[in-house]
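Structural description and commentary
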Amino acid sequence: MNLSAHHRIPRRTAATAALVLAGLLATAAPGATAATAAPAGPGAAARTTAAALAAPDIPLANVKAHLTQFASIASANGGNRAHGRPGYKASIDYVKAKLDAAGFTTTVQQFTYNGTTGYNLIADWPGGDTNQVVMAGAHLDSVSSGAGINDNGSGSAAVLETALAVSRAQLKPTKHLRFGWWGAEELGLVGSKYYVNNLPSTERAKLSGYLNFDMIGSPNPGYFVYDDDPAIEKTFKDYFAGLGVPTEIETEGDGRSDHASFKNVGIPVGGLFTGASRTKTSAQAQKWGGTAGQAFDRCYHSSCDGTSNINDTALDRNSDAVAHAIWTLSAGTTEPPTGDTYENTADVAVPDNGTAVTSTVTVSGRTGNAPAALKVGVDIVHTWRGDLVVDLLAPDGTVYRLKNSSSSDSADNVQTTYTVDASSEAANGAWKLRVQDVAAQDTGYINAFRLTF
């Protein structure tokens, strides 16, 4: 993270938020009225779109393996990975090789600063609407005094591993995905400014959002979310609410990292941060754990910012949040599950703070038991999903809990696909999705329920 400060820019309008949210809403689970048959009637085409699957868990071990490589690169190159030093170019080469092998189209962008050559690395995932680009990035350079493992190997490694997860899943997003690793951030956001300033205005207009990740594994961590674009902010807040982890608005790094380069030209931005040199308060320590009265990162911009300067829990949570945002904001889907699909798209009202209701799918003509990976597609429209308890009921009455209620889950709608081990259940019979609203003041309905065998 760069030390210089920049003035805040007001949030973008609600219209911009709605544009980004349109991508979110594309994740609605599909529906049809009969097994494998296309439904008729209004809205049928939307309901038959492949359901967006949840983002995969990003393996912490993989992210840390990248950090180990960054540390080794620094050790072999004078102890740092700073602009103009051989350790930075070696870091670019390492990340590029991983992405090339995974099927990305990579571009190394050169610029000159302080009389030395700097590099940005841009990686595009094939497919998606190139008129709507979701981009995630992190600065790859360190300061000259150390290896920069939290600042910012942590963000660089999480973005890299998320990109590799996109490849492993062969994700087919609605929007085009792009990833970036910036040079010379520590010298004043030089690399990201160069990238943005050299984008034609027509290309800038295609960027529907830029997500920035700078210092996401601080050893005494906080959980901070950028309060810039409302829809991107909500995506991250909803994710952490689902974990039961409270968040705060990020202020320490505002304008001091690469998102500022994008925000300054009107591109919607968001991101995550776990804290730098500011001191964790008692209230924050009570909320997040860790040590009050101590900096979030005592090794900020110091030689001790090595592999031991990482909180594994924070790095793991934030890496998963990176993937969640990429999957969600790009409306990514994998190929529809193979097998036979049985669906019910009849709307069922869910009473506010009332009794449970059900939607039924009848399965017939199959032999044996249900699969060990039964896909349960759920599309519930609701104004506060934290009120909802959702179960799958097998034909013999066995209950499989899909979702608990949570007072901290302040988002709307439940639109996802769950996987249930139903191998002990007979396949044929009446399967039910049971939904109950357990708190007052919010309303909704079951829009669709599907099973894929």
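Above this text sits the structure in question.
Residues numbered from 1 in each chain as written. Predicted model: local features only at pLDDT ≥ 70, side-chain atom pairs only at ≥ 80, totals over all residues. Heavy atoms only, no water.

Cis geometry marks the peptide bond from Asp 151 to Asn 152; its omega dihedral reads 5 degrees. Among the structural elements, Asn 152 can be located in helix α5 (residues 149-169). At Gln 170, a residue that is not glycine, the phi angle is positive and equals roughly 50 degrees. (Helix = DSSP H or I, 4+ residues; strand = E, 2+ residues; numbered from the N terminus.)

Scanning all chains against the criterion turns up 14 salt bridges. Among the salt bridges present, the one from Lys 89 reaches Asp 93, with a minimum N-O distance of 2.8 Å. Residue Lys 89 and its partner Asp 93 are located together in helix α4 (residues 86-101), separated by four residues, close to a single helical turn. Judged by its relative accessible area of 30%, Lys 89 falls in the partly exposed class. Residue Asp 93 is classed as partly exposed on the basis of its relative accessible area, which comes to 37%. In this structure, the salt-bridge partner of Arg 434 is Asp 391, at a minimum N-O distance of 3.1 Å. With Arg 434 in strand β16 (residues 429-437) and Asp 391 in strand β13 (residues 388-393), the pair connects residues that are 43 residues apart, well separated along the chain. Within this structure, Asp 391, Arg 401 and Arg 434 form a network of salt bridges that share partners. (Salt bridge = Lys/Arg side-chain N within 4 Å of Asp/Glu carboxyl O. Buried < 20%, exposed > 50% of the residue type's maximum accessible area, 1.4 Å probe, protein only.)

It is worth spelling out the packing of aromatic side chains at this point. Centre distance and the angle of the planes are the two values used to describe a pair of aromatic rings. The tally for this structure, following the rule as stated, stands at 18 aromatic pairs. The interplanar angle of 45 degrees and the centroid separation of 5.1 Å between the aromatic rings of Trp 182 and Tyr 195 together place this pair among those described as tilted. With Trp 182 in strand β4 (residues 175-182) and Tyr 195 in helix α6 (residues 190-197), this residue pair connects regions lying 13 residues apart in the sequence. Under the relative-accessibility criterion, Tyr 195 is labelled buried at 6%. Aromatic ring contacts, followed pair by pair, group Tyr 223, Phe 224, Tyr 239, Phe 240, Phe 273, Trp 288 and Phe 296 into a single cluster. If you follow Arg 81 out to its NZ or CZ, it ends over the ring of Phe 70, 4.9 Å from the centre. Lying over the aromatic face of Trp 288, Lys 287 brings its terminal NZ or CZ to 4.8 Å of the ring centre. (Phe/Tyr/Trp six-rings, centres within 6.5 Å; stacked < 30°, edge-to-face > 60°. Lys NZ or Arg CZ within 6 Å of the ring centre and 35° of its normal.)

Position of Val 269 relative to the elements: it lies in strand β8 (residues 269-273). Beyond its immediate chain neighbours, meaning those up to four positions away, Val 269 contacts Tyr 210, Asp 228, Asp 229, Ile 232, His 259, Phe 262 and Lys 263. (Contact = heavy atoms within 4.5 Å.)

What follows deals with the state of the cysteines. Following the criterion strictly, the structure yields one disulfide and no others. Here Cys 299 engages in a disulfide with Cys 304; their sulfurs sit 2.1 Å apart. The S-S bond linking Cys 299 to Cys 304 shows a torsion near -115 degrees; that makes this disulfide left-handed. For Cys 299, a relative accessible area of 13% gives the class buried. The exposure class assigned to Cys 304 is partly exposed, which follows from its relative accessible area of 37%. (Disulfide = S-S within 2.5 Å.)

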